[in-house]
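# Notes for the structure review
Now for the letters of each chain:
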Amino acid sequence: MSYNSNDDPGFLKVLSFLESHNTEYLSGQDLSDVLRISRVAIWKHIKKIKELGYKIESKQKLGYRLASTTNLLLPWEITQGLKTKNIGRQVYFFENLNSTQIQAIKMASESKNNGAIIIAKKQSSGKGRTNRKWYSPEGGIWLSIIVHPKFDISMITLFPIASASALCQAMEKSFDIKPEVKWPNDVTINGKKVAGILVDASLESNKIENIVLGVGINFDVNIKEIEKKLKNTPNFYGIASLKKYQKNTSAVTFVQIFLKELEEIIELINKKQVKKIIKDWTKRSSTIGKNVELTTNEGKVRGKAIKIDEDGALIVFDKKNIRVLSGDITHVVD
Ligand code: BTN
């Protein structure tokens, strides 16, 4: 099943009426009279509301009452109260999808999808960096964001770095934690991976047509189960789950805060505020200053991580400065 921001208007009318009158019971007949929808349709909508994880209490003779909201990242829940101008104004939610990234790439070229986000409850073939699989069970936040950027192609390598900073910023605002970034753009808590970022871009004659930003966040996942599954995969260094750090920030609120941070940092890229973006990233970096080992297409690099340059490349010192644009990193414990 999938849902989008312009879902069945009748359904959304019933849901928002129940939301705004959640202290009282409303009979099917009252709902039908006020909303001018047939009783049969009201019943059908209530059934769907329950199926989507909202808790509806019903009492004979009194009717229905919305007792609590859903945990699902449903489009209308995200757009309600969202503070962005463009990002997340269109949301597509899928119960089951191979990969939000693959789906978003298919939709990315259409101008109406600029800023759209694709979310899945679970993914059967989630994509990670360097063609790895990304295990995506229920409980995580798996989403891809389509961006038709205004900025120049020369700024594109900063985009993943900036996105990682926006994600950290959103975590700091929502939870009592100090997340770090592990180069290039893993987000970690106490040295364990809480989120990963994947960027696919479509370029045409030296211009960016669109970017798809894929973000996988271990929001409320079973750490033991994921660690068991992934412990023998390359570059695995442990899993963290965000919800462990504070129980009452919902996934919806967290996504709304992240989208706002992301929109703001994209504005910084538009204004070519390279120094500020690099400074923000560096202040949260767990990589800079550490001895590292990198596996790159050109072979292994070992040395001390000095800084990132204006392209987001890592500068590693081993007798001389070596510039690494992409690769797998391990922090070496001396
Ligand atoms: C990484 O390897 O660290 C990046 C992982 C990115 C995973 C996300 S989950 C949502 C989106 N859809 C995908 O298939 N992958 C990205």
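Each remark here, short or long, concerns the structure printed above.
### Here's the deal with the packing of helix α6 (residues 158-174) against helix α9 (residues 274-283)
Angle between the axes and distance between the axes are the two parameters that describe a pair of packed helices. In the contact formed by α6 and α9, the axes pass within 9 Å of each other and the chain directions differ by 50°. In this view, α6 runs oblique relative to α9, as classed from their interaxial angle. Between α6 and α9 the crossing geometry is left-handed. Taken together, the residues of α9 that come into contact with α6 (itself represented by Leu158, Ile161, Ala162 and Ser165) are Val274, Ile277, Ile278, Asp280 and Trp281. Of the residues contributing to the contact of α6 with α9, the split by class is 7 nonpolar, 1 polar and 1 charged.

### Details of the sheet that holds strand β16 (residues 328-331)
In spatial order, the strands read β15-β14-β13-β12-β16; together these 5 strands make up an open sheet with antiparallel pairing. Where the open sheet ends on each side, the last strands, each with one partner, are β15 (320-324) and β16. Averaged over all pairs of adjacent strands, the angle between their axes in this sheet comes to 45°, without regard to strand direction. Bridge count between strand β12 (residues 291-296) and β16: 4 bridges; the pairing is antiparallel. Residue pairing across strands places Thr295 opposite Asp328, the latter belonging to β16.

### Thoughts on helix α5 (residues 100-107)
Buried residues of α5: Thr100, Gln101, Gln103, Ala104 and Met107, and no others. Down the axis of α5, the sector holding all buried residues measures 160°, keeping them to one side. In the core, the buried residues of α5 are packed alongside β4 (91-97), β5 (117-127), β7 (141-147), β10 (192-204) and β11 (207-217). With a side-chain oxygen lying 3.0 Å from the backbone nitrogen of Gln101, the N-terminal cap of α5 falls on Ser99.

### Observations concerning the pattern of salt bridges
Tallied over the full model, the rule gives 16 salt bridges. Close ionic contact of Lys127 with Asp200 constitutes a salt bridge, the shortest N to O distance being 3.7 Å. One end of the pair, Lys127, is in strand β5; the other, Asp200, is in strand β10, and 73 residues separate them in sequence. Salt-bridge contacts for Asp186 lead to Lys193; the nearest nitrogen and oxygen are separated by 3.0 Å. The burial state of Asp186 is the same as that of Lys193; both residues are buried.

### Description of the site of the ligand
Taken together, the neighbourhood of the ligand is formed by 20 residues, with Ser99, Thr100, Lys127, Arg129 and Lys193 sitting nearest. At 2.6 Å from an oxygen atom of the ligand is found a main-chain nitrogen or oxygen belonging to Lys127. Within the side chain of Lys193, an N or O atom sits 2.7 Å from an oxygen atom of the ligand. Coverage of the ligand by the protein chains reaches 97% of its 420 Å² of free accessible surface. Taken atom by atom, the bulk of the ligand overlaps the largest pocket.

The rules behind each value
- Residues numbered from 1 in each chain as written.
- Predicted model: local features only at pLDDT ≥ 70, side-chain atom pairs only at ≥ 80, totals over all residues.
- Heavy atoms only, no water.
- Axes fitted to C-alpha atoms, helices over the stretch in contact; angles between N-to-C directions.
- Helix = DSSP H or I, 4+ residues; strand = E, 2+ residues; numbered from the N terminus.
- Parallel < 35°, antiparallel > 145°, perpendicular 65-115°, else oblique.
- Left-handed = near helix turned anticlockwise from the far one by under 90°.
- Contact = heavy atoms within 4.5 Å.
- Nonpolar A, V, L, I, M, F, W, Y, C, P; charged D, E, K, R; others polar.
- Pairing = 2+ DSSP bridges.
- Buried < 20%, exposed > 50% of the residue type's maximum accessible area, 1.4 Å probe, protein only.
- Arc of directions from axis to C-beta.
- Polar contact = N/O pair within 3.5 Å; in protein donor to acceptor, adjacent residues only side chain to side chain.
- Salt bridge = Lys/Arg side-chain N within 4 Å of Asp/Glu carboxyl O.
- Near = heavy atom within 4 Å.
- Areas by Shrake-Rupley, 256 points an atom, 1.4 Å probe, with all protein chains shown as cover.
- 1 Å grid on protein atoms, 1.4 Å probe; cavity = no way out; pocket = protein on both sides within 12 Å on 5 of 7 lines; lining within 4 Å.
- Sits in = over half its atoms within 2 Å of the grid points.

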